[in-house]
Amino acid sequence: YLREICETAKIPLEIIPMQKEYFETVVAYTLKEVKAGRTPNPDVMCNNNVKFGLFMKKIGKDFEKIATGHYAQIIKKSHKFFLKKTPDPVKDQTYFLANLKQQQLRRLIFPLGNLKKSAVRKLAQKFKLPNQNRKDSQGICFLGKFKYNEFISHYLGTKIGEIVEYETGKKLGEHEGFWFYTIGQRKGIKLSGGPWFVVKKDVRKNIVYVSSHYHESDKKRDTLTVGNLNWFSGEFPRKKKLQVKLRHGENFYDCSIGFSSKKNPASKFGIKAELIDKYSKLPSSGTDKNMAFIKISGNDQGMAPGQFAAFYDGEICLGSGVIL
C-alpha cells in the first residue's frame, strides 16, 4: 500500500527498519508486565518508545515535523503543547498518546485529527488510494494474525494453578498460568454456574481468584491509585475536577483527584505502604513520581493494574499515569 501510494503521489519513500528495537522495548515490556501480574498497554509504549522515540532519534534534526494518521489534534497553550480530542469519539486516539513528552508533542502533525473516520474514507475514495477499503486495524499492533494467548504461551509457557472462589476460598478448577488472565475478565474462564469474573491474582502462588458476584452493589469500584504521572504542562493541574479515560473507547468518567505529597502522604488516601515502596522505585515516565488518588463518578469493573489512565479537561488531554 505504502509503496503504491508514494509512487502515485511521487513522494520519495525510505523505510527505517526497527524490528530489533521494537522487540527490545515494546515486546520486552509487555512480557515483563504480564509476568508481574499486571495488564500492559503495548500501544502506549510503542508510541512513546518507537514511533515517536527511537524513530525521532534515527531521523535526527533534518526533519522538523513527523506526520502520522493518528486521530488526535495538537494544540499550543502558554508555550506548551497538548493533545485535543477529535470529532470522532470512537476513533479518538488521544488515550494512546497521553504518555508522550513535550519534546515529542512539539514535533508532531496529525492531519486527520479534525476529521471523522467516515470523512477520511470518502477522501481515500476520492483520491483513489489503494487502501481505501482496507479494514480498520484492531488489537495489539505486534501480534498480526497471532492470538494474544498464543503469544504469551510461546514466551511464558504454561503452569498449572488453581482457580479459587474469592469469597469462599473454594477451589473451582485449574488454569494454565495466571498470566493468561486480567482483572475484570469474563471470557475464557470455562467454569459452570457463572458468569465468573477474575477479581484477583496471586502471582507468587499462581492462583486466580474469581467471583460470580462481581457486579453486586456492595462491590463498588470507583477509586484507583495512579503513579508515574506524566503531565504535558510539567506540573499538576490546578483543577481538581477532571475527566478520566481508563481504556481506549468512548467512555469517560468525571473524577476528583488528590495528590500524594509530604503534606498529604499517599497513606492518607488509603494507599498501602507496600504499593508506595514498590512504585516509588519505578523509573518515572513523566515529570513527577508522585501518585494520585482518583475517585470516579461511576463504577468501573475493568480497572487493571498496569493499564493507563488518561486525564482530560473537557476536550484537552492533560497527560496520564499508570494504574497501580
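Residues numbered from 1 in each chain as written. Predicted model: local features only at pLDDT ≥ 70, side-chain atom pairs only at ≥ 80, totals over all residues. Heavy atoms only, no water.

1. A word on the overall build of the protein
Consideration 1: On a plain count of helices and strands, the protein comes out with 8 helices and 14 strands.
Consideration 2: Buried positions account for 42% of the 324 residues belonging to the protein.
Consideration 3: Long-range pairs, those at least 24 residues apart, make up 64% of the contacts in the protein between residues at least 6 apart in sequence.
Consideration 4: Put simply, the protein shows about 18,700 Å² of open surface, and 52% of that area lies on carbon and sulfur atoms. (Helix = DSSP H or I, 4+ residues; strand = E, 2+ residues; numbered from the N terminus. Buried < 20%, exposed > 50% of the residue type's maximum accessible area, 1.4 Å probe, protein only. Contact = heavy atoms within 4.5 Å. Areas by Shrake-Rupley, 256 points an atom, 1.4 Å probe, with all protein chains shown as cover.)

2. Quick word on the side chain of Thr39
Consideration 1: Considering the arrangement of structural elements, one finds Thr39 in the loop between helix H2 (19-35) and helix H3 (42-59).
Consideration 2: Among the polar contacts listed, one links the side chain of Thr39 to the side chain of Thr182, at a separation of 2.4 Å. (Polar contact = N/O pair within 3.5 Å; in protein donor to acceptor, adjacent residues only side chain to side chain.)

3. Quick look at the packing of aromatic side chains
Consideration 1: Under the defined criterion, the tally for this structure stands at 10 aromatic pairs.
Consideration 2: Ring centres of Trp179 and Phe180 lie 6.4 Å apart, and the angle between their planes is 50°; this geometry places the pair in the tilted category. Judged on exposure class, the residue Trp179 and its partner Phe180 are both buried.
Consideration 3: An aromatic cluster is present here, built from Phe23, Phe151 and Tyr155 joined pairwise through their rings.
Consideration 4: When the ring centre of Tyr312 is taken as origin, the NZ or CZ atom of Lys85, which lies over that ring, is 5.7 Å away.
Consideration 5: Over the ring of Tyr209 we find Lys200, and its NZ or CZ is 5.6 Å from the ring centre. (Phe/Tyr/Trp six-rings, centres within 6.5 Å; stacked < 30°, edge-to-face > 60°. Lys NZ or Arg CZ within 6 Å of the ring centre and 35° of its normal.)

4. Quick notes on H3
Consideration 1: Its maximal kink placed at Gly53, H3 deviates by approximately 30°.
Consideration 2: Among the residues of H3, Pro42, Asp43, Val44, Met45, Cys46, Asn47, Asn48, Val50, Phe52, Gly53, Met56 and Ile59 are the ones counted as buried.
Consideration 3: Backbone geometry just downstream of H3 places Gly60 in the positive-phi region, at approximately 70°. (Bend = angle between axes of the 7 residues up to and from the residue.)

5. Topic: the environment of Gln132
Consideration 1: Position of Gln132 among the secondary structure elements: in the loop between helix H6 (117-126) and helix H7 (148-156).
Consideration 2: A sequence separation of 11 residues divides Gln132 from Arg121, and the C-alpha atoms of the two residues are 6.3 Å apart.
Consideration 3: Ignoring anything within four residues of it in the chain, the contact list for Gln132 reads Arg121, Ala124 and Gln125.
Consideration 4: Polar contacts involving the side chain of Gln132 include one to the main-chain carbonyl oxygen of Leu129, which spans 3.1 Å.

6. Considering unusual backbone geometry
Consideration 1: With phi around 50°, Ser78 is a residue other than glycine that occupies positive phi space.
Consideration 2: Mapped onto the secondary structure, Ser78 falls in the loop between strand S2 (73-77) and strand S3 (80-84).
Consideration 3: For Ser78, a relative accessible area of 69% puts it in the exposed group.
Consideration 4: With phi around 50°, Asn228 is a residue other than glycine that occupies positive phi space.
Consideration 5: By secondary structure assignment, the location of Asn228 is in strand S9 (residues 223-231).
Consideration 6: For Asn228, a relative accessible area of 8% translates into the label buried.

7. Side note on the packing of H2 against H7
Consideration 1: Two numbers describe how H2 lies on H7: the axes approach to 11 Å, and their chain directions differ by 85°. One element, H2, and the other, H7, form an angle in the roughly perpendicular class. Contacts between H2 and H7 involve Phe23, Val27, Thr30, Leu31, Val34 and Lys35 from the former and Tyr148, Phe151, Ile152, Tyr155 and Leu156 from the latter.
Consideration 2: When grouped by side-chain class, the residues that make up the contact of H2 with H7 number 9 nonpolar, 1 polar and 1 charged. (Axes fitted to C-alpha atoms, helices over the stretch in contact; angles between N-to-C directions. Parallel < 35°, antiparallel > 145°, perpendicular 65-115°, else oblique. Nonpolar A, V, L, I, M, F, W, Y, C, P; charged D, E, K, R; others polar.)

8. As for the confidence of the model for the protein
Consideration 1: When pLDDT is averaged across the protein, the result is 87; 88% of the residues are at 70 or more.
Consideration 2: Taken element by element, the protein is modelled with least confidence in helix H8 (residues 273-280), mean pLDDT 50, and with most confidence in S3, mean pLDDT 97.
Consideration 3: Of the regions scoring below 50 in pLDDT, residues 279-288 engages in 23 contacts with residues more than four places distant in sequence or in other chains. (pLDDT = per-residue confidence, 0-100.)

9. Thoughts on a positive patch on the surface
Consideration 1: Positive charge collects at one region of the surface, where Lys65, Lys76, Lys80 and Arg106 lie side by side.
Consideration 2: With respect to the helices and strands, Arg106 occurs in the loop between helix H5 (102-105) and strand S4 (108-109).
Consideration 3: For Arg106, a relative accessible area of 39% translates into the label partly exposed. (Patch = residues over 30% accessible without salt bridge, like charges linked within 9 Å, V, L, I, M, F, W, Y side chains within 5 Å. Salt bridge = Lys/Arg side-chain N within 4 Å of Asp/Glu carboxyl O. Lys, Arg positive; Asp, Glu negative; His and termini not counted. Charge placed at Lys NZ, Arg CZ, Asp CG, Glu CD.)

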